[in-house]
Amino acid sequence: GSVVLHAKRGGLALAGVVLRVESEEFATSVDPWIADGRVSVSDTRGATDDQGRLRLDGLPRGTYRWSITLDEGATIGGRFDVEPHRRVDVDVLVP
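Below, the structure is looked at part by part. All values reported here derive from a predicted model rather than from experimental measurement. (Residues numbered from 1 in each chain as written. Predicted model: local features only at pLDDT ≥ 70, side-chain atom pairs only at ≥ 80, totals over all residues. Heavy atoms only, no water.)

## Description of the sheet that holds strand β3 (residues 20–23)
Two modes of strand pairing occur in sheets, parallel and antiparallel, and in both the strands are linked by backbone hydrogen bonds.
Turning to step 1, where the next piece is worked out: In spatial order, the strands read β4-β3-β7-β8; together these four strands make up an open sheet with antiparallel pairing. On the outer flanks of this sheet lie β4 (28–29) and β8 (75–82), each paired with one strand and no other.
Turning to step 2, where the next piece is worked out: Bridge analysis of β3 against β4 gives two bridges, and the strand direction is antiparallel. Bridged to Glu22 within β4 is Ser29. (Pairing = 2+ DSSP bridges. Helix = DSSP H or I, 4+ residues; strand = E, 2+ residues; numbered from the N terminus.)

Put into structure tokens, the structure is as follows:
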């Protein structure tokens, strides 16, 4: 499955936001899956593009957590579910 994370603040797209994504089922970051080619990502740093998007393809079905660390050091996050052969769009609302 695929996910497109959309980082926004006040309805506006946020470029350059680094997102961490972890599988709840496997209790691991998706970074090793990206490194060995099982999952593809739109930016190797895990950062959103000029339109605030980060796309991951090839994720196994399951529940995932996303998180970002804000400039002041606080962490925010959320969850999303991936199904086989489907794309899910997730809004990442940054305060």
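The discussion continues.
## Some words on the packing of aromatic side chains
Aromatic rings considered in pairs are described by the distance between their centres and by the relative angle of their planes.
Turning to step 1, where the next piece is worked out: Considering all chains together, one arrives at two aromatic pairs under this definition.
Turning to step 2, where the next piece is worked out: For the ring pair Phe26 and Trp33, a centre distance of 5.7 Å and an interplane angle of 85° mean the geometry is edge-to-face.
Turning to step 3, where the next piece is worked out: Taking the relative accessible area as the measure of exposure, Trp33 reaches 7% and is therefore buried.
Turning to step 4, where the next piece is worked out: Plain terms: the ring middles of Tyr64 and Phe80 are 5.6 Å apart, the flat faces sit at 15° to each other, and that makes the pair stacked. (Phe/Tyr/Trp six-rings, centres within 6.5 Å; stacked < 30°, edge-to-face > 60°. Buried < 20%, exposed > 50% of the residue type's maximum accessible area, 1.4 Å probe, protein only.)

By themselves, these observations are geometric and do not establish any function.
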